[in-house]
Amino acid sequence: MLLPKDIIQDGHPTLRLISENVTVPLSRKDKDKGKEMLKYLEMSLDEKTSEKYQMTPGVGLAAPQIGISKRMFACFFFDGKEDYQFVIYNPVIKEKSKEMIYLKTGEGCLSVPGKSGHVLRHKKLVVEGYIYNNLDKSLDYKEITLTDYAAIVFQHEYDHLDGILFTDKITEDYEKYEAIA
Ligand code: NI
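Residues numbered from 1 in each chain as written. Predicted model: local features only at pLDDT ≥ 70, side-chain atom pairs only at ≥ 80, totals over all residues. Heavy atoms only, no water.

Participant: Please provide a residue-by-residue account of the sheet that holds strand β7 (residues 121-122), values included.
Facilitator: The mixed open sheet is built from 3 strands, whose spatial order is β7-β4-β10. Of all the strands in the sheet, the pair left with one neighbour each is β7 and β10 (178-180). (Pairing = 2+ DSSP bridges. Helix = DSSP H or I, 4+ residues; strand = E, 2+ residues; numbered from the N terminus.)

As structure tokens, then:
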């Protein structure tokens, strides 16, 4: 089980590395690690367990944040329309919209505690990768389209794989773009 102590913080060199592709077919170890990352997010969003383990609620967790320099991350959220609970391995961003948006409340990160800020993100993405869907337990190589909140979370997590933190991208010049609640 992952615990808050397993999450590395800004300043740790691993957060700044370009992560390596995960080997395919996926190993048992990488599959299990992905599920552990999903479980961490689920527990962090549950009042009882987050209090018990003193977890900050999180909707995304990338492998580098637990010290593993591999291209994989977990997402766990409801965007108002759809539940997203997945791990993506070796994600590729195939298309991104020109239109930019930002998260109204500002972004935060489990590896940068206590900090938030506005970041411009693409409104729509077409991505592909090996996706483990926690809702139906399927694991397939596929293409998905993400918009608005889901696209923001995806881009934040994807950046971790390239050693980029949201704090690198904070801007004060966001108000002319669309705010996503
Ligand atoms: Ni983050």
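Picking up after the structure, the text goes on.
Participant: Can you explain helix α1 (residues 28-45)? Please cite residues and give values.
Facilitator: Taking 1.5 Å of rise per residue, 18 residues should cover 26 Å, and α1 covers 26 Å from first to last C-alpha, within 8% of that figure. Those residues of α1 that sit buried are D30, G34, M37, L38, Y40, L41, M43 and S44. The elements touched by buried residues of α1 are α2 (47-52), β1 (60-62), β2 (72-78), β3 (83-96) and β8 (124-133). (Expected span 1.5 Å × (residues − 1). Buried < 20%, exposed > 50% of the residue type's maximum accessible area, 1.4 Å probe, protein only. Contact = heavy atoms within 4.5 Å.)

Participant: Describe the coordination of the nickel ion, listing the residues and the values that go with them.
Facilitator: Looking at the metal site, the nickel ion is ligated by C109 (SG), H156 (NE2) and H160 (NE2), spaced 2.1 to 2.3 Å from it. Look at where the donors of the nickel ion fall in the sequence and you get C-x46-H-x3-H. Residue C109 is found in strand β5 (residues 107-109), and its partner H160 is found in helix α3 (residues 148-161); the two are separated by 51 residues along the sequence. For the pair C109 and H160, one class covers both residues: buried. (Donors = N, O, S within 2.8 Å, 3.2 Å for Na, K, Ca; no water.)

Participant: Go over the side chain of N90 with me, naming the residues and quoting the values.
Facilitator: In this fold, N90 is placed in strand β3. A distance of 2.7 Å separates a polar atom in the side chain of N90 from the backbone nitrogen of V22. Residues within four places of N90 in sequence aside, it is in contact with N21, V22, V24, R71, E128 and G129. (Polar contact = N/O pair within 3.5 Å; in protein donor to acceptor, adjacent residues only side chain to side chain.)

Participant: Please give an account of the side chain of E107 that cites residues and values.
Facilitator: Following the sequence through the fold, E107 ends up in strand β5. Residues contacting E107, with those up to four places away along its chain left out, are K115, S116, G117, V119, R121, I152, H156 and F166.

Participant: Report on the nonpolar core, specifying residues and quantitative values.
Facilitator: One finds F73, F77, F86, I88, L146 and F154 to be the most contacted residues of the largest nonpolar core, which totals 22 residues. Listed by contribution, the elements that provide at least two residues to this core are β2, β3, β4 (100-103), β8 and α3. When residues in this core are grouped by element, the largest group, 8 residues, is from α3. Judged by nonpolar contacts, the second largest core, of 20 residues, contains L38, I66, M72 and A74. (Core = buried A, V, L, I, M, F, W, Y, C linked by side-chain atoms within 4.5 Å.)

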